Structures are given as structure tokens and as C-alpha cells.
Amino acid sequence: RIGAYHALEELRGAAAPAVPQLRRALQHDDLWLRVRAATALAAIGEPALPALPDMLERIARGPSPEDPRGMEQRFLCSAIFSKMLTSTKSLEGVDRDKLRAAIARGLQNQDGHARSEISEIYRRLSYEELQPLLPAVLEAIEKPAPSGEMFADGVRLNGLKVLASHHIEEGMQACADYLRTQNPWASEHRTPEILKVLSPYGAQAQRIVPHLRETAALFDKGEKDFPKHLSARKAKAVGEAIEEIVAAQDRPDLRRL
């Protein structure tokens, strides 16, 4: 059966006639058969969308005693958010309640890569659709996943960007905190991207300038086990961002969670 599911995955759209059987396989007792069925459905693409509600429901169930770290959820997140939904131009027809439930639960997965894959959907949702999810979005920014660190920055950056795009007040402090607590790996490239997130807040971001000055001083002093010249580059980027914030005139209305 696993071999058959792999074959159907390789056939992609040509395997569309197998969608009903694969959909039934999502309820199989064997975890790995369920995972392979979901992966095959994702590869089939749009013809497999009738199975999407079942897949979203399985994500929303969360980890089970036989799968305490949510490995099935992790594979389903990849199948849905990195493949199935990206193959569709519109989210029309997608059950929003099931989608939101899957996003909220999936953002608690222990794998940073899975969380980051989910976060790619943020930009395709309206503010009204996102609003119930914003506490979960903020939590995924503030509390990093315990594994998959190399790929864990996506969910945090995407979260900060969507909070900023809707002028969510809590996003400013979350951005300032993440700037300081981010994974040091490649942080010299990530720091300017994080700072850009503050731009939509305009002069409202002046309230976090003292925090940013402290961060710039920490970077300028040098970080443990991190090249000093790269820390200096980060300090300079923070300093330039502070100047822009202080000079900002626009003061958009803020929303609170």
C-alpha cells in the first residue's frame, strides 16, 4: 500500500481517479499510511480538494498518544499549506472554520518548519478571517518551536508582517523582542528584514525606541560566539531604523488584540 501511494504521488494529476480511495485511507489505523495518502493527495492537486476538509480536521485534532510530537500533523501541514493550497489561485470554497481550526492547532506543532509552512497562508486571508487567529499568530512569534530551528524563522517573520500590515499594537514589542532573541545563525541578514516590519507603524513605533537603543548597544558590544564585525553590522542597521522611526510623521490608528 505504501508503494502504491508513492506511485500515485509520482503520477500527480493523472492519479485523480484514486482520490476517493486515498480519502478513505486518511481514516486508516496506520499512521504512516495516513501520511502517505495525504502526501499523494497533495501531489494530485486541485482534483484532490474534496479531501481537504478531512485533512484539515486531522490537523485540528492535534497530537495523539501514539504520535505525541505530532508527526502526522507535521506532514499534513506540509501537504496542505505548501502544496495543495498553493496550487489554487483562490481559497473560494475552503471551509473557513475548519481552516482556522487547523491553523490555530498547527501553529502549536513542535516543528518550526511545519509552523512556517502554515504561516504562508496569512497573506491570503482578510483581516476579518485572521482576527480570531491573531492571538495564536502572536504566540507563535513569541514562543519558538522546540525543534526545526533552522526553518523556524518563517513563522515568526510572517507573523510580524501580518500584525504590522493590520497595525496590531502588540506587534511592535514582539518585533523588538524578536530582534534581540532571534537565532544568531544568519541574523546579520535577518535583522534588516525584521526592522522593515516596523515601517508600517510609522511614528507609533517611537515608543519602542528605548528598547531598540538597548539592542543596538548589545550588538555593538559584541555577542557571544558571533563574529564581532557582523554584530556591528546589526548594530548599524538598528541605529538606522531608529533614525527613520524618530523622523516618522505618519501615526496610523492601532488595533489591539
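### Brief notes about the nonpolar core
Ranked by size, the top nonpolar core spans 78 residues in total, and within it Leu22, Leu41, Met55, Phe81, Leu85, Ile103 and Leu212 carry the most contacts. In terms of residues, this core owes the most to one element, helix H3 (residues 31-44), which gives 7 residues. With sequence-adjacent residues up to four places away left out, Phe81 is seen in contact with Ile59, Thr86, Leu99, Ile103, Glu117, Ile118 and Ile121.

### A few points about a nonpolar patch on the surface
A cluster of nonpolar side chains, contributed by Met150, Phe151 and Trp185, occupies part of the molecular surface with about 380 Å² of accessible area. Of note, Trp185 is situated in the loop between helix H11 (170-181) and helix H12 (187-196).

### A closer look at the side chain of Glu170
Mapped onto the secondary structure, Glu170 falls in helix H11. On the basis of relative accessible area, Glu170 is assigned to the buried category, the value being 18%. Polar contacts involving the side chain of Glu170 include one to the side chain of Arg256, which spans 3.4 Å. Setting aside residues up to four positions removed in sequence, Glu170 forms contacts with Leu138, Arg255, Arg256 and Leu257.

### What to know about the layout of surface pockets
What the largest pocket holds in volume is close to 230 Å³. Taken together, the elements giving at least two residues each to the lining of the largest pocket come down to H12 and helix H14 (228-247). Here the element with the most residues in the lining of the largest pocket is H14; it accounts for 5 residues. Taken together, the residues of the lining of the largest pocket sort by class into 7 nonpolar, 2 polar and 3 charged.

### Some details on the packing of helix H7 (residues 112-119) against helix H10 (residues 153-165)
With their axes 7 Å apart at the nearest point, H7 and H10 run at an angle of 30° to one another. In terms of crossing hand, the pair formed by H7 and H10 is left-handed. Across the interface between the two elements, Arg115, Ser116 and Ser119 from H7 touch Asp153, Gly154, Val155 and Asn158 from H10. Counted by class, the contact of H7 with H10 contains 1 nonpolar, 4 polar and 2 charged residues.

### Concerning the packing of aromatic side chains
This model, assessed by the stated rule, comprises 1 aromatic pair. The ring centre of Phe226 lies 4.6 Å from the NZ or CZ of Lys234, which sits over that ring.

### Examining the side chain of Asp54
Residue placement: Asp54 occurs in helix H4 (residues 52-61). Under the relative-accessibility criterion, Asp54 is labelled buried at 15%.

### Brief notes about the environment of His113
If you trace the backbone, His113 turns up in helix H7. What makes His113 partly exposed here is its relative accessible area of 33%. Spatially, the C-alpha atom of His113 lies 8.5 Å from that of Ser147, the residues being 34 residues apart in sequence. Leave out the neighbours within four places in its chain, and His113 touches Gly148 and Phe151.

### Re helix H1 (residues 2-11)
For H1, the set of buried residues is Tyr5, Leu8 and Glu9. Viewed along the axis of H1, the buried residues span an arc of 105°, placing them on a single side of the element. Facing away from the buried side of H1 by over 90 degrees, the exposed positions are Gly3 and Glu10. Phi for Arg12, located one or two positions after H1, is positive at around 55°.

Definitions and cut-offs
Residues numbered from 1 in each chain as written. Predicted model: local features only at pLDDT ≥ 70, side-chain atom pairs only at ≥ 80, totals over all residues. Heavy atoms only, no water. Core = buried A, V, L, I, M, F, W, Y, C linked by side-chain atoms within 4.5 Å. Buried < 20%, exposed > 50% of the residue type's maximum accessible area, 1.4 Å probe, protein only. Helix = DSSP H or I, 4+ residues; strand = E, 2+ residues; numbered from the N terminus. Contact = heavy atoms within 4.5 Å. Patch = residues over 30% accessible without salt bridge, like charges linked within 9 Å, V, L, I, M, F, W, Y side chains within 5 Å. Areas by Shrake-Rupley, 256 points an atom, 1.4 Å probe, with all protein chains shown as cover. Salt bridge = Lys/Arg side-chain N within 4 Å of Asp/Glu carboxyl O. Polar contact = N/O pair within 3.5 Å; in protein donor to acceptor, adjacent residues only side chain to side chain. 1 Å grid on protein atoms, 1.4 Å probe; cavity = no way out; pocket = protein on both sides within 12 Å on 5 of 7 lines; lining within 4 Å. Points joined across faces, edges and corners; volume = space filled by probe spheres on them. Nonpolar A, V, L, I, M, F, W, Y, C, P; charged D, E, K, R; others polar. Axes fitted to C-alpha atoms, helices over the stretch in contact; angles between N-to-C directions. Left-handed = near helix turned anticlockwise from the far one by under 90°. Phe/Tyr/Trp six-rings, centres within 6.5 Å; stacked < 30°, edge-to-face > 60°. Lys NZ or Arg CZ within 6 Å of the ring centre and 35° of its normal. Arc of directions from axis to C-beta.

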